[in-house]
Amino acid sequence: MKTAKYLAATALTVAGLGANGAAADDLTLCWAAWDPANALVELSKEFEAQSGHSMTFEFVPWPNFADRMLNELNSGGKLCDLLIGDSQWIGGGAENGHYVKLNDFFDKEGISMDDFAPATVYAYSTWPKGTPNYYALPAMGDANGWFYRRDWFENPDIQAAYKEATGQDLREPESQREMLQIAQFFQGREIDGQTRYGAAIFTERGSEGITMGATGALYAWGFKYENTPGKYDMEGAVNSPEAVEGLEFYKEFYKTATPPGYTDSYMEQGLDAFKSGQVAMAMNWFAFFPGLYADPNTGGDKIGFFVNPPQNQAASTLGGQGISVVSYSDKQDAALEYIKWFAQPDVQAKWWALGGYSAHNSVLNDPGFKDSAPFAADFLEAMGAVQDFWQEPAYAELLIAMQKRLHDYVVADVGTAQEALDKLIEDWTETFEDEGKL
Amino acid sequence: MTDNPIERAATATPPRLARRIKGLSDRAIAWIFVAPTIFLLLAVNIFPLIWTINLSFTNFRANRPNREVDYVGLRNYERILTDSDIWLTMQATAHFLFWTIFFQVLIGFTLAWLINRKFKGNDLWTTIIVLPMMLSPAVVGNFWTFLYQPQIGLFNYVVSFFTGVDPSSFEMIGSVNLAPWSIVIVDTWMWTPFVMLICLAGLRSIPDYIYEAAAIDRASRWRQFWTITVPMVLPFLMLAVLFRGIENFKMFDLVVQLTGGGPGSVTELTSINLKREAFEKWRTGYASAYAIILFVTVFGLASVYVKALNKVKER
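Analysis parameters
- Residues numbered from 1 in each chain as written.
- Chains lettered and ligands numbered in written order.
- Predicted model: local features only at pLDDT ≥ 70, side-chain atom pairs only at ≥ 80, totals over all residues.
- Heavy atoms only, no water.
- Helix = DSSP H or I, 4+ residues; strand = E, 2+ residues; numbered from the N terminus.
- Rg over C-alpha atoms; globule rule 2.2 N^0.38 Å.
- Contact = heavy atoms within 4.5 Å.
- Areas by Shrake-Rupley, 256 points an atom, 1.4 Å probe, with all protein chains shown as cover.
- Lys, Arg positive; Asp, Glu negative; His and termini not counted.
- Charge placed at Lys NZ, Arg CZ, Asp CG, Glu CD.
- Domains from an automatic or database assignment.
- Buried area = accessible area lost by both parts, 1.4 Å probe.
- Salt bridge = Lys/Arg side-chain N within 4 Å of Asp/Glu carboxyl O.
- Nonpolar A, V, L, I, M, F, W, Y, C, P; charged D, E, K, R; others polar.
- Buried < 20%, exposed > 50% of the residue type's maximum accessible area, 1.4 Å probe, protein only.
- Arc of directions from axis to C-beta.
- pLDDT = per-residue confidence, 0-100.
- Phe/Tyr/Trp six-rings, centres within 6.5 Å; stacked < 30°, edge-to-face > 60°.
- Lys NZ or Arg CZ within 6 Å of the ring centre and 35° of its normal.
- Disulfide = S-S within 2.5 Å.
- Axes fitted to C-alpha atoms, helices over the stretch in contact; angles between N-to-C directions.
- Parallel < 35°, antiparallel > 145°, perpendicular 65-115°, else oblique.
- Left-handed = near helix turned anticlockwise from the far one by under 90°.
- Pairing = 2+ DSSP bridges.

**Re the overall build of chain A**
For chain A, the count of helices and strands is 19 helices and 12 strands. Taken over the C-alpha trace, chain A has a radius of gyration of 24 Å; the compact-globule value for 438 residues is 22 Å, and the two agree within 12%. Expressed as lengths along the three principal axes of its C-alpha atoms, the size of chain A is roughly 90 × 55 × 40 Å. Pairs at least 24 residues apart make up 75% of the contacts formed inside chain A by residues separated by at least 6 positions. If you sum the accessible surface of chain A, you get close to 16,900 Å²; carbon and sulfur atoms cover 50% of it. Between the centroid of the 30 positive side chains of chain A and the centroid of its 63 negative side chains there is a distance of 4 Å.

**Section: the environment of Ala24(A)**
All names here are of chain A. Secondary-structure assignment places alanine 24 in the loop between helix H1 (2-19) and strand S1 (26-32). With 24 residues separating them along the chain, alanine 24 and glutamate 48 place their C-alpha atoms 9.7 Å apart. In contact with alanine 24, not counting residues within four places along its chain, are Gly52 and His53.

**Things to note about the domain arrangement of chain A**
Residue and element names in this part refer to chain A. Taken domain by domain, chain A comprises domain 1 (10-142 + 320-387) and domain 2 (144-317 + 394-434). With 23 residues of domain 1 in contact, the opposing surface of domain 2 contributes 23 residues. Between domain 1 and domain 2 the total buried area reaches about 2,000 Å² when both faces are included, carbon and sulfur atoms providing 65% of it. At the junction of domain 1 with domain 2, the criterion picks out 0 salt bridges. Going through the elements one at a time, helix H2 (35-51), helix H3 (62-74), helix H17 (376-383) and strand S12 (386-387) are the ones with two or more residues in the side of domain 1 that touches domain 2. Considered class by class, the residues forming the side of domain 1 that touches domain 2 number 15 nonpolar, 3 polar and 5 charged.

**Focus: helix H12 (residues 267-275) of chain A**
Residue and element names in this part refer to chain A. What H12 keeps buried is the set Met267, Gly270, Leu271, Ala273 and Phe274. Mapping the buried residues of H12 onto a view down its axis gives an arc of 160°, with all of them on the same face. Buried residues along H12 sit against H3, strand S5 (144-149), strand S7 (194-200), strand S8 (279-285), helix H13 (289-294) and strand S9 (303-307). Downstream of H12 by a residue or two, glycine 277 has a phi angle that is positive, lying close to 80°.

**Comments concerning the interface of chain B and chain A**
Contacts between chain B and chain A engage 26 residues on the former and 27 residues on the latter. When chain B packs against chain A, close to 2,300 Å² is buried across both sides, 39% of that on carbon and sulfur atoms. The interface formed by chain B and chain A holds 11 salt bridges in total. The salt bridge involving Arg79(B) is made with Asp434(A); its shortest N-O contact spans 3.1 Å. Put simply, the parts of the chain that give the side of chain B that touches chain A at least two residues each are helix H4 (75-81) and helix H13 (270-279) of chain B. For the side of chain B that touches chain A, the element with the highest residue contribution is H13(B), accounting for 3 residues.

**Notes on the confidence of the model for chain A**
Per-residue confidence for chain A gives a mean pLDDT of 92, with 95% of residues at or over 70. Counted against residues more than four places away or in other chains, residues 1-21 of chain A, with its pLDDT under 50, gives 0 contacts.

**Examining the packing of aromatic side chains**
Summed over all chains, the structure comprises 74 aromatic pairs over all chains. Seen from their ring centres, Trp352(A) and Tyr357(A) are 5.4 Å apart, and the 70° between their planes marks the pair as edge-to-face. Each member of the pair, Trp352(A) together with Tyr357(A), is buried. An aromatic cluster is present here, built from Trp31(A), Trp34(A), Phe47(A), Trp62(A), Phe65(A), Trp89(A), Phe288(A), Tyr338(A), Trp341(A), Phe342(A) and Trp351(A) joined pairwise through their rings. Lying over the aromatic face of Tyr122(A), Lys129(A) brings its terminal NZ or CZ to 5.2 Å of the ring centre. The ring centre of Tyr286(B) lies 4.0 Å from the NZ or CZ of Arg283(B), which sits over that ring.

**With respect to the state of the cysteines**
All names here are of chain A. As enumerated under the stated definition, the model contains 1 disulfide over all chains in all. Paired by a disulfide, cysteine 30 and cysteine 80 hold their sulfur atoms 2.0 Å apart. On the sign convention where negative is left-handed, the bridge of cysteine 30 and cysteine 80, at about -95° about the S-S bond, is left-handed. Residue cysteine 30 is found in strand S1, and its partner cysteine 80 is found in the loop between H3 and strand S3 (82-86); the two are separated by 50 residues along the sequence. The exposure class assigned to cysteine 80 is buried, which follows from its relative accessible area of 2%.

**Digging into the environment of Asp388(A)**
Residues and elements named next belong to chain A. Within the element layout of this structure, aspartate 388 appears in the loop between S12 and helix H18 (395-410). Residue aspartate 388 is classed as buried on the basis of its relative accessible area of 15%. Considering only alpha carbons, one finds aspartate 388 and alanine 123, 265 residues apart in sequence, at a separation of 7.4 Å. Aspartate 388 has contacts with Ser87, Gln88, Tyr219, Tyr225 and Leu318, leaving out every residue within four places of it along the chain.

**A look at the packing of H2(A) against helix H15 (residues 345-354) of chain A**
All names here are of chain A. Two elements in contact, H2 and H15, have axes whose closest approach is 9 Å; the angle formed by their N-to-C orientations is 140°. On the basis of the axis angle, H2 is oblique to H15. Between H2 and H15 lies a crossing of right-handed hand. Each of Pro36, Ala39, Leu40, Glu42, Leu43 and Glu46 in H2 lies in contact with H15, whose residues at this interface are Val347, Lys350, Trp351 and Leu354. Across the contact of H2 with H15, the residue classes tally to 7 nonpolar, no polar and 3 charged.

**A look at the sheet that holds strand S11 (residues 321-325) of chain A**
Sheets are built from strands that pair by backbone hydrogen bonding, the pairs being arranged parallel or antiparallel. Residues and elements named next belong to chain A. As summarised here, the arrangement of the 5 strands in space is S2-S1-S3-S11-S4, forming an open sheet in which the pairing is mixed. This sheet does not close on itself; its edge strands, each paired only once, are strand S2 (54-60) and strand S4 (137-140). Between one strand axis and the next, the sheet turns through 30° on average, direction left out of account. Note: S1 against S2, 7 bridges, orientation parallel. Along S2, the bridge assignment pairs aspartate 26 with serine 54.

**Overview of the packing of helix H7 (residues 137-147) of chain B against helix H9 (residues 179-204) of chain B**
When two helices pack together, their arrangement is given by the angle between their axes and by how far apart the axes lie. Residues and elements named next belong to chain B. Where H7 contacts H9, the axes come no closer than 11 Å and their chain directions differ by 130°. Comparing their axes, H9 and H7 come out oblique. Crossing angle aside, the handedness with which H7 passes H9 is right-handed. Contacts between H7 and H9 involve Pro137, Val140, Phe143 and Trp144 on the former and, on the latter, Ile185, Val186, Trp189 and Met190. Across the contact of H7 with H9, the residue classes tally to 8 nonpolar, no polar and no charged.

Have a look at this one:
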């Protein structure tokens, strides 16, 4: 009798599922393991409740993220249904058929790219660049910014010492040169009985660190990838006098204003250096700023934020990602459902509230946005002047070459800045020749 | 059942297998048994090797399976052999190889010689000494990065204690001059016990009566060492050098964890460079040519070395 009851119950359950229409799927979303990913887990609970689908998350630490995910895509893996991939992957994702083209879906669902910040649509969604061919929805706006020890900057004794040393007031730097001067002032200085250092910058060799850090200076000086966009004519752009000067500046920064042993450092090491009170300033992605502000020891009143200072021009290195549907997924309909849900203005507002950086105009253009967080205004300013690395299908090869040339010059003292950039053009030329683009 | 052991043995021996499997000769049955192994060898070793040689003449990229593959002749080989950056990685590998083997042989043999003396706690010391080689290279690389940390690292403080140099004044991993030595030190720390064990086996294989005969002939301890100990341990030592040479030529995990190939490219060994070409840049054809060049180099050197080893053994 019991068995009959169980069978009846099972039959009813199956019938019930059938009556609901499409069966619920278990979607896997892949991204990097960092603070915003936790916010997305929280946000996605609402999607699970509304849709009946369940979500599984595959978060990979940043140093291994590109390797892991690109291998997954290249092997046609079905691990990820949705992928929040780095902006530079869009070319490869589109040309190699890893990402589903979303134009028809956007048209059908009334999702307009005009509703998102133009810089993010250009960087995270389009391939070829700037054309209305969309392979991702802007998911997480980001740029490389700076934060500093506000309590030290506002300390009258330190302010007086700085004035005496430089003749200027200690303030948030308004140029790259001023930022270096401040960092050099703090370098080796005794504060509260401990030796402090200038700033934590990116010097990591293995993935993308030193490129993401150095381009903060290079872009501000006027570095360009090409003279004419799309022509791959790099001579005179990549190794322009301004680019050489910018690279020399970054090396000087590294040599004179960073903690000892800071030869292979990226996001985590920079955060550690700041939170442990080693440095007065640090560069890092805006994505970490909510967590830094909430830190009980070095956050709150003790921390301040500023956008990457200009030199010859205002410029910030672009971070951030778009969300794409993986073409090898068997659950594309459910994955598209997630994107439709994620694109809604009220979901985007919650995304920002939870610590994610929405790229939706309804959030960014809200009159209260600038005051919604101490770094919100800086974020808007940064996103107005972002520049990104190559987004070509051969981006990994191009990035590895730049990592090598920059690390060789900046950290290992090999050659001059001019030679480093000249060799970089040789490397990139070889790559583009192999690609049939030159 | 008979009690005669000879009869018992005769009945225990099965009739020839061929008689039981009709129509198959013993040779055919032997092939049946060997075939799986030969098939595995062909599938796992020979076919990939031939396939790699084939790929090395193409511009194939594993991440673009749909792209047209062109045969480029010897272009990949020419590019590799004329690339100054690759020669720098070869130099870095040669430096690492030479000095790790030099120190491991020197220290390993000394330790083996000391451990071979009969003293109290001999076994305990042997166990303690071999501990490093039981650890994972990735773990060793990781914790040595902390030991080398200029501000809090134990290594810098130990050096400072003995030399009086300020501990934060030098960076083992960050300095272009010291980084190649930093990987040599860690590999030596980890693998000297391996050389020690092989040397110890060699030392213990020398019969005591040879030393006793030499003592009767009034040979000094020094003379005994050079004319008995060294020649008799030499084949073992050469074997250890061969093992460590092959292992260190393909060294990857420990150095990646320790320096990531930096600063710049001063510790970028060939295996790290090859991995970048093959699985980060996805230049599969180019990387195949690179692998073939390394294979020929190691195979050639190892063949010459094994011949020398055999000659030493024959003496």
